[in-house]
Amino acid sequence: MKLVRIRMEYVHPWPNHAGLFTARAQGFYRQAGLDVDIIADGWERGTPAELVARGEYQFASIRLGELVETRQGKNPMKALATFNQRQMGGVISLKSKNIHSFADLEGKTVAVPFTEPRLVESIRQSVTRAGADFSKVNIVHPGGMWEPDIRAVEKGQFDAVFNVLGWESYQGISPVDEIVQLSFDEVGVTPHHTYFICATDEMIALEPDTVRSFIQATQRGFEYAFAHPDQALEACADTMCHVDPEVLRHSLNFMMPSWLTDNGRWGHIQPELVDNYMQWMISGGFSTGKMADVTSSWTNEFLDS
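Residues numbered from 1 in each chain as written. Predicted model: local features only at pLDDT ≥ 70, side-chain atom pairs only at ≥ 80, totals over all residues. Heavy atoms only, no water.

Participant: Report on the sheet that holds strand E7 (residues 138-140), specifying residues and quantitative values.
Facilitator: The sheet built from five strands is open, its strands ordered E7-E6-E8-E5-E9 with mixed pairing. On the outer flanks of this sheet lie E7 and strand E9 (179-183), each paired with one strand and no other. Ignoring which end each strand starts from, the neighbouring axes of this sheet average 30° apart. Sheet analysis places strand E5 (residues 89-94) next to E9, joined by five bridges and oriented antiparallel. Within E9, the position partnered with glycine 90 by the bridge is serine 183. (Pairing = 2+ DSSP bridges. Helix = DSSP H or I, 4+ residues; strand = E, 2+ residues; numbered from the N terminus. Axes fitted to C-alpha atoms, helices over the stretch in contact; angles between N-to-C directions.)

In structure tokens:
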């Protein structure tokens, strides 16, 4: 068995990773001759891309901007599959805050970690498209490294927060039908793939069979998880034992539709989503990547068509 390590994008596993754990639990990796180590951690030792470049991992989950920026460095990377066919970030609140759409953010306080300009601009465009006045939205940084979830809204610290829809939304005590989740995709603002499984060009050139085996086994895992959600939850239960099982179920149900294309396949990267979002980020000054590098930054060739 060949040991393969993948470094995830977040500090802990969450249901968007369910296909990886399902592939391992169902023996898809083992059948491909792979022993897969799925790792989540903070960033003190470096970003996932930097750790892959150092040879500590063969694969990593990376966002588009950072991926394209690697094309200018010593260890260019390439996306081999995408986790999501839509963006997963958005604005989270409660009906009790009288927030039902982006227009209702007028006069409200919205926590955005680090007041990251890319996220603030997405909110600005969404509020404006809804016919409201963005200047009346109070955008605040919650402080430190804190990325608040629905619990901060429940406690009255903020009226709404930016975070991951379908995950950070369900961490509190509010009934699911009282939670408000505002998606940028629903108002046509910056549609894009959320995360990509990536490897270095060198890894792809030297070990194409390992790359293909890993990507196709992962694809089987996500497609199996979509068709068998109860088994996917079982596969996640050990690693995510700190999470209420009902939270896992609600979250998985929210995530699963984002995994597949219209023809029911996981992982396939859509050129228009990549090109349009990268152009938006470059134009807004949110990425130092170059449009000339976009085409070489991804491929669908290792997926099972």
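Participant: Talk me through empty space enclosed by the protein; I want residue IDs and the actual numbers.
Facilitator: Counted by the stated rule, this structure contains one cavity of 30 Å³ or more. Taken as a whole, the largest cavity encloses approximately 100 Å³ of empty space. Looking at the largest cavity, it is lined by 14 residues, and the ones nearest its centre are Gln87, Arg118, Leu119, Phe162 and His192. Contributions of two or more residues to the lining of the largest cavity are made by helix H5 (117-129) and helix H11 (271-283). If you tally residues by element for the lining of the largest cavity, the top one is H5, at three residues. Taken together, the residues of the lining of the largest cavity sort by class into six nonpolar, six polar and two charged. (1 Å grid on protein atoms, 1.4 Å probe; cavity = no way out; pocket = protein on both sides within 12 Å on 5 of 7 lines; lining within 4 Å. Points joined across faces, edges and corners; volume = space filled by probe spheres on them. Nonpolar A, V, L, I, M, F, W, Y, C, P; charged D, E, K, R; others polar.)

Participant: Describe helix H8 (residues 208-227), with residues and values.
Facilitator: The first and last C-alpha atoms of H8 sit 29 Å apart over 20 residues, in line with the 28 Å expected at 1.5 Å per residue. Here H8 has its buried residues at Thr210, Val211, Phe214, Ile215, Ala217, Thr218, Gln219, Gly221, Phe222 and Ala225. (Expected span 1.5 Å × (residues − 1). Buried < 20%, exposed > 50% of the residue type's maximum accessible area, 1.4 Å probe, protein only.)

Participant: Can you explain the pattern of salt bridges? Please cite residues and give values.
Facilitator: Considering all chains together, one arrives at 12 salt bridges under this definition. For arginine 71, the salt bridge is made with aspartate 201, and the minimal N-O distance between the two is 2.9 Å. Taken together, the residues span a long stretch of sequence, with arginine 71 in the loop between helix H4 (64-70) and strand E4 (77-82) and aspartate 201 in helix H7 (residues 201-206) at a distance of 130 residues. (Salt bridge = Lys/Arg side-chain N within 4 Å of Asp/Glu carboxyl O.)

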